[in-house]
Amino acid sequence: MGFWYFLILFIGIFLIVRALIKRSINTFNKLTILLIGTCMIAFSLFMFQDGSAEIVDNLLKSLNIDL
């Protein structure tokens with residue numbers, strides 16, 4: 001599972017760097033890409049923490065989603 005979290009982390013970093021470097025993107029698209037990249041980085045860092053699987057499990061149980 002850690003591989004996928006690293007992959008999400010690196011994709012988020014790539015999106016942020018790409019949005020900051022590329023000048024031909026309009027402001028709305030740049031902010032959208034930055035927001036998506038930031039969310040991906042935050043999610044991957046959260047999932048690396050101890051106990052994050054239990055938190056997600058409790059969240060899915062409270063929403064009545066059975067996987």
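Residues numbered from 1 in each chain as written. Predicted model: local features only at pLDDT ≥ 70, side-chain atom pairs only at ≥ 80, totals over all residues. Heavy atoms only, no water.

Visitor: Just checking my understanding: could you explain the side chain of Ser44 for this structure?
Guide: Tracing the sequence through the fold places Ser44 in helix α2 (residues 27-48). Using a relative accessible area of 0% as the deciding quantity, one classes Ser44 as buried. Those residues in contact with Ser44, other than ones at most four positions away along the chain, are Tyr5, Ile8 and Leu9. (Helix = DSSP H or I, 4+ residues; strand = E, 2+ residues; numbered from the N terminus. Buried < 20%, exposed > 50% of the residue type's maximum accessible area, 1.4 Å probe, protein only. Contact = heavy atoms within 4.5 Å.)

Visitor: What should I look at first to understand the environment of Gly37 in this one?
Guide: Note on placement: Gly37 falls in helix α2. Considered as a pair, Gly37 and Ile55 are 18 residues apart in the sequence and their alpha carbons are 22 Å apart. When sequence neighbours within four positions are dropped, the list of residues in contact with Gly37 reads Gly12, Leu15 and Ile16.

Visitor: What is the right way to read the packing of helix α1 (residues 2-21) against α2 from this model?
Guide: α2 packs onto α1 with a crossing angle of 155 degrees between their chain directions and a minimal axis gap of 8 Å. Classified by the angle their axes make, α1 and α2 are roughly antiparallel. In this structure, α1 meets α2 at a crossing whose hand is left-handed. Taken together, the residues that form the contact of α1 with α2 break down as 19 nonpolar, five polar and one charged. (Axes fitted to C-alpha atoms, helices over the stretch in contact; angles between N-to-C directions. Parallel < 35°, antiparallel > 145°, perpendicular 65-115°, else oblique. Left-handed = near helix turned anticlockwise from the far one by under 90°. Nonpolar A, V, L, I, M, F, W, Y, C, P; charged D, E, K, R; others polar.)

Visitor: Sorry, what's going on with the nonpolar core here?
Guide: One finds Leu9, Ile16, Ala19, Leu34 and Ile41 forming the largest nonpolar core, which totals five residues. Only α1 and α2 provide two or more residues apiece to this core. The element that contributes the greatest number of residues to this core is α1, accounting for three residues. When near neighbours in sequence (up to four residues on either side) are disregarded, Leu9 contacts Ile41, Ser44 and Leu45. (Core = buried A, V, L, I, M, F, W, Y, C linked by side-chain atoms within 4.5 Å.)

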